[in-house]
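Close look at the chain arrangement
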Amino acid sequence: MQNEVFATANILQPCQPETMSPIMSAQNDKISPDSPYVDMPTGDPSLPEGWLEVVSMDMEAKGIARKPDGKVVFIDGALPTELVTANVHRKKNNWEAASLFAIHRESSQRVTPGCPHAGLHEGACGGCKMQHLHINAQVAVKQRVLEDNLWHLGKVKAETMMRPIEGPTWGYRYRARLSVRYVIKKGKVLVGFHERKSRYIADMETCKVLPPHIDAMLMPMRALVASMDAREQLPQIEVACGDHVTALLLRHMVPLTEADQQRLRDFAAAHNVQWWLQPKGPETVHKMEEGGTELSYSLPDFGIHMPFKPTDFTQVNPHINRVLVTRALRLLDVQKHERVIDWFCGLGNFTLPLATQAREVLGIEGSDTLVQRSLDNYAANNAQRSEDNPLAPTTFVGRNLFNMTPALLMADGNAEKWLIDPPREGAFALCQALADIHQIRTGAKQTGVPTEAQPDVLPPLPEGHENWQFPQRIVYVSCGPATLARDTGLLVNQAGYRCVQAGVVNMFPHTAHVESMAVFERVN
């Protein structure tokens, strides 16, 4: 029997995804006889008292077991196939939350975490929840999370599950928000992520998911902050690594003294970084010293160069981002005569590569700041191209995409292909507008003014709607499997599309975060 959680694991065999136990939804508060948990086997009454057999995992990387009385137990640190005992710390009528106490039969997929701060011990970092699970099994779990969400939430099964997109498993996190605190009682500065389920900052000396040069900088950052006059008023340092320079964005609550500014300059020179400062809101962010190397990343498959600021949204994992963009455009299969719309276009991460392939591109984004940045990036990239190979004419528009209607959607004109890359909230309004148009055209829903007798009627479509055509193919890139599943249900069950392919993107190894992609084709 092993009493130490996250102990040294057995020699691993390659994970067989098809043998993994089903992955259940994380909607713990909604467990009911109608939920997917009803399909789970009841706990084995022949086991010693208090022992639990873990049969699956949820979306937060908790093992799921069931007691002989049928109650579901979510266990931090437990893995499928294991026999465990656990300390229960929360009870509801039909489920309990617990932490792993002892392992009586260990999973062949359990490994020793690569970081000393990962685990369930006091003060453990809350940044990575899956380091105790073999990386191949992590990907299999995420793939099953996607499949489970598509079926249970969207009532859809993809016709083909794509091979997962994978990349480096350590040193991949090129974007990070590090909390900073000068702890008077301890007489030292802490720089890092928060402890598990805590508002306190973990006392971490290393972080293996950060790039090696940032990992090596954690202790020098502590020393730097400890030496500064404003050390009690520096709550945060954001890390943004570009292809050629690393930017550190310092949030400071009081003006920096000249001595503190010199300390920052000395640190920058010693560690080859670029300081940005934020004295108040996001609009106050500025480079400490003008000039220097431009913060940027590249998409070499398309000859695109993307400048950005530390506060701009860019993908955390640049290695995966390059593969993601390439695969998304290959799946979209844009032709030279086609017009494409990139919804939630951001800086133009997909828009500019699309402009190397399409006849015309429209990028739509909710942030006016990012719209301007996209325009600047488009102009800079087009200026670097030859006259006989320019980017396609591209327009960027700012609009609230969480408030879409069929009329607004049609006003953007016809496009043969769409790319959708929304935030975690998904693209419900956009997909609903598409579904409404389909429902009206097929006669499934009527138009008019809603009444008590007919509450479900929809507003009439705008004049000239007959000329508007549905996109023939949609590629949807998602950072939330539940919202992707919801939107997939709309597209397939109400908007006239097939979900021809879906798969996961392991953008965040060792975490429970699931990035995914789905491809939809119009049903003729």
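Residues numbered from 1 in each chain as written. Predicted model: local features only at pLDDT ≥ 70, side-chain atom pairs only at ≥ 80, totals over all residues. Heavy atoms only, no water.

Looking at helix H7 (residues 368–383)
So the rule is basically this: In DSSP terms, a helix is any run of H or I states spanning at least four residues, a strand is any run of E spanning at least two, and both are numbered starting from the N terminus. Multiplying one less than the number of residues by 1.5 Å gives the expected span of a helix. The contact criterion used is simple: two residues touch if any of their non-hydrogen atoms lie within 4.5 Å.
Helix length check: H7 (16 residues) gives 23 Å between terminal C-alpha atoms against 22 Å at 1.5 Å per residue, within 8%. Elements in contact with the buried residues of H7: strand S13 (304–307), helix H6 (351–354), strand S15 (360–365) and strand S16 (394–398).

Remarks on empty space enclosed by the protein
Applied cut-off: Cavities and pockets were defined on a 1 Å grid built over protein atoms only: a cavity is a set of grid points that admits a 1.4 Å probe from which the probe cannot escape, a pocket is an open set flanked by protein on both sides within 12 Å along at least five of seven lines, and lining residues are those with an atom within 4 Å of any such point. Grid points are joined across faces, edges and corners, and a volume is the space filled by probe spheres set on the points. Three categories are distinguished: nonpolar for Ala, Val, Leu, Ile, Met, Phe, Trp, Tyr, Cys and Pro, charged for Asp, Glu, Lys and Arg, and polar for the others, with Gly belonging to the last.
Taken as a whole and judged by the stated rule, the model has four cavities of 30 Å³ or more. There is about 110 Å³ of room inside the largest cavity. Lining the largest cavity we find Tyr174, Arg175, Cys241, Tyr297, Phe308, Thr314, Gln315, Pro318 and Asn321. Within the lining of the largest cavity, the residues separate by chemical class into five nonpolar, three polar and one charged.

Considering the environment of Arg177
For the record, the criterion: Accessibility here uses a 1.4 Å probe with only protein chains present; expressed as a share of the type maximum, an area under 20% marks a residue as buried, one over 50% as exposed, and anything in between as partly exposed.
By the element assignment, Arg177 lies in strand S6 (residues 175–183). What makes Arg177 exposed here is its relative accessible area of 52%. For the pair formed by Arg177 and Val273, sequence separation is 96 residues and the distance between their alpha carbons is 16 Å. Those residues in contact with Arg177 that lie beyond four places of it in its chain are Phe193, Gln236, Ile237 and Glu238.

A word on the sheet that holds strand S14 (residues 339–343)
Worth spelling out the cut-off: DSSP bridges decide pairing: two strands pair if at least two such bridges lie between them. Geometry is summarised by axes, namely lines fitted to C-alpha atoms with helices restricted to the contacting stretch, and by angles between N-to-C directions that run from 0 to 180 degrees.
Spatially, the seven strands line up as an open sheet ordered S16-S15-S14-S17-S18-S20-S19, and their pairing is mixed. Sheet topology places S16 and strand S19 (497–505) at the edges, where each strand pairs with a single neighbour. Strand-to-strand twist in this sheet, taken as the mean axis angle between neighbours without regard to direction, amounts to 15 degrees. Across five bridges, S15 lies against S16 in parallel orientation. Bridge pairing links Ile364 to Val397 in S16. Lying on the sheet, helix H1 (residues 135–152) is in contact with S19 and strand S20 (515–522); it crosses S19 at an angle near 155 degrees.

Description of helix H9 (residues 428–441)
Note that an α-helix has 3.6 residues per turn; residues three or four places apart therefore point the same way. Across its 14 residues, H9 extends 20 Å between first and last C-alpha, which sits within 8% of the 20 Å expected from 1.5 Å per residue. In terms of burial, H9 is largely enclosed, as 12 of its 14 residues are buried. Along H9, the residues that are buried comprise Ala429, Leu430, Cys431, Gln432, Ala433, Leu434, Ala435, Asp436, Ile437, His438, Gln439 and Ile440. Phi turns positive one or two residues past the end of H9, at Gly443, with a value near 80 degrees.

Here we look at the confidence of the model for the protein chain
Spelled out, the test is: pLDDT expresses how confident the predictor is about each individual residue, on a scale running from 0 to 100.
Of all residues in the protein chain, 92% attain a pLDDT of 70 or more, and the chain-wide mean is 91. This stretch, residues 1–34, has a pLDDT under 50; its non-local contacts, to residues over four places away or in other chains, come to 91 contacts.

Observations regarding the layout of surface pockets
Here the largest pocket is characterised by a volume of approximately 1400 Å³. Mapped onto the lining of the largest pocket, the elements with two or more residues apiece are S6, strand S8 (236–241) and helix H10 (481–493). When its residues are assigned to classes, the lining of the largest pocket shows 22 nonpolar, 16 polar and 12 charged.

Overview of the sheet that holds strand S5 (residues 95–105)
Taken together, the five strands give a closed barrel; going around it, the order is S1-S2-S3-S5-S4, and neighbouring strands pair in mixed fashion. Along the sheet, successive strands turn relative to each other by an average axial angle of 50 degrees, direction set aside. Strand direction decides the pairing type here: strand S3 (residues 72–76) and S5, joined by five bridges, are parallel. Residue pairing in the sheet places Val72 in a bridge with Trp95 of S5.

Some points on the pairing of strand S4 (residues 83–91)
By the bridge criterion, two bridges tie strand S1 (residues 52–57) to S4 in an arrangement that is antiparallel. Looking at S4, one finds that Glu53 is bridged to Leu83. Bridge count for S4 against S5 is eight bridges, and the pairing is antiparallel. If you follow Arg90 over to S5, its bridge partner there is Ala97. The hairpin turn running from S4 into S5, its antiparallel successor, is three residues long.

Observations regarding unusual backbone geometry
Phi at Ala61 is positive, roughly 65 degrees, even though this residue is not glycine. Checked against the element boundaries, Ala61 lands in the loop between S1 and strand S2 (62–66). Classification of Ala61 by relative accessible area gives buried; the value is 4%. You will see that Asn272, though not glycine, has its phi angle at about 55 degrees, which is positive. Mapped onto the elements of the fold, Asn272 is located in the loop between helix H4 (258–271) and strand S10 (273–278). For Asn272, a relative accessible area of 63% corresponds to the exposed category.

Examining the nonpolar core
What counts here: The term nonpolar core refers to a set of buried residues drawn from Ala, Val, Leu, Ile, Met, Phe, Trp, Tyr and Cys, joined through side-chain atoms within 4.5 Å.
Ranked by internal contacts, the top residues of the largest apolar core, which has 84 residues, are Leu248, Leu250, Leu264, Trp275 and Met517. No other element matches the seven residues that helix H5 (residues 318–332) contributes to this core. With residues near it in sequence (within four places) discarded, Trp275 still touches Leu224, Leu248, Leu250, Leu264, Phe267, Ala268, Lys287 and Met288.

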